[in-house]
Amino acid sequence: RLLLVDDEPFNLELMTELLEADGYETVCAESGEQAWEILQQQGSSLSMVLLDKMMPGMNGPEVLEKLRANPATASIPVIFLTAKAHEDEVARLRALGVIDVVAQPFDPILHRCAMKPNIQGCSAHELFITWTFACRYWWTGWFWKNRTH
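Predicted model only: the values in this text are computed from it and were never measured.

1. Overview of the overall build of the chain
1) Next: Regarding its fold elements, the chain presents 7 helices and 5 strands.
2) Next: Here the chain holds 149 residues, and 46% of them are scored as buried.
3) Next: In the chain, of all internal contacts separated by at least 6 residues, the share reaching a separation of at least 24 is 60%.
4) Next: In the form shown here, the chain has an accessible surface area of approximately 7700 Å², with 53% of it arising from carbon and sulfur atoms.

Quick look at the structure:
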């Protein structure tokens, strides 16, 4: 089960549709406060958190800090989602102990092209690392120049 946290309903809907179509069960939160409640109640059943960095109220880094401070949730892998994926900001967020930082917005067609061949036998961690790689190179144009389909 994946916890998706974003204050933009469209982003939650898009991520939910893509991930559930690929067989993942998702739980959604529209705020940091709601995410923290879900983590406290269902943390042991979650395999990963996709966490928007910028939200009103409790933001992504604040949720991460609480998550890491709680022994019941401290080991849950987290990926930050952010519209501001500048190099120095990405480095700062990675230093907080997340698996990676994914730039938003992301493209559903890119998701399908990059993920479909890799879904069978992949853990959630491997799946999102692949997705992160594809998103990063899509923005630079490498993905479109080098795609095979």
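Having seen it, we continue.
2. Focus on the environment of Glu-13
1) Next: Tracing the sequence through the fold places Glu-13 in helix α1 (residues 9–21).
2) Next: Separated by 15 residues in sequence, Glu-13 and Cys-28 place their C-alpha atoms 9.0 Å apart.

3. Section: the packing of helix α2 (residues 32–42) against helix α3 (residues 60–69)
1) Next: Put simply, α2 and α3 touch, their axes get as near as 9 Å, and they point 20° apart. By the angle between their axes, α2 is roughly parallel relative to α3. The interaxial crossing formed by α2 with α3 has right-handed handedness. Here α2 contributes Gly-32, Ala-35, Trp-36 and Leu-39 to the contact with α3, which in turn contributes Val-63, Lys-66 and Leu-67.
2) Next: Among the residues forming the contact of α2 with α3, the class breakdown is 5 nonpolar, 1 polar and 1 charged.

Cut-off values and rules
- The written sequence of each chain sets the order in which its residues are numbered from 1.
- Only residues with pLDDT of at least 70 are given local features in this predicted model, and only at 80 or more are side-chain atom pairs given and counted; all residues enter the totals for whole chains, interfaces and linings.
- In computing side-chain properties, one takes all heavy atoms of the structure into account and sets aside hydrogens as well as water.
- The helix and strand labels rest on DSSP assignments: H or I over at least four residues marks a helix, E over at least two residues marks a strand, and numbering proceeds from the N terminus.
- A simple rule labels every residue: compare its accessible area, found with a 1.4 Å probe on the protein chains alone, to the largest value its type can have, and call it buried under 20%, exposed over 50%, or partly exposed in between.
- Whether two residues are in contact is decided by their heavy atoms: any pair within 4.5 Å suffices.
- Per-residue and other accessible areas follow the Shrake-Rupley method at a 1.4 Å probe size, with only the shown protein chains counted as cover for residues.
- Helix axes are fitted to C-alpha atoms over the stretch in contact, other axes to C-alpha atoms as well, and angles between N-to-C directions run from 0 to 180 degrees.
- By definition in this entry, angles of less than 35 degrees are roughly parallel, angles greater than 145 are roughly antiparallel, angles of 65 to 115 are roughly perpendicular, and the rest are oblique.
- By convention, the crossing between two helices is left-handed when the near helix turns anticlockwise from the far helix through less than a right angle, and right-handed when the turn is clockwise.
- All residues other than Ala, Val, Leu, Ile, Met, Phe, Trp, Tyr, Cys, Pro, Asp, Glu, Lys and Arg, Gly among them, are scored as polar; the first ten of these are nonpolar and the last four charged.

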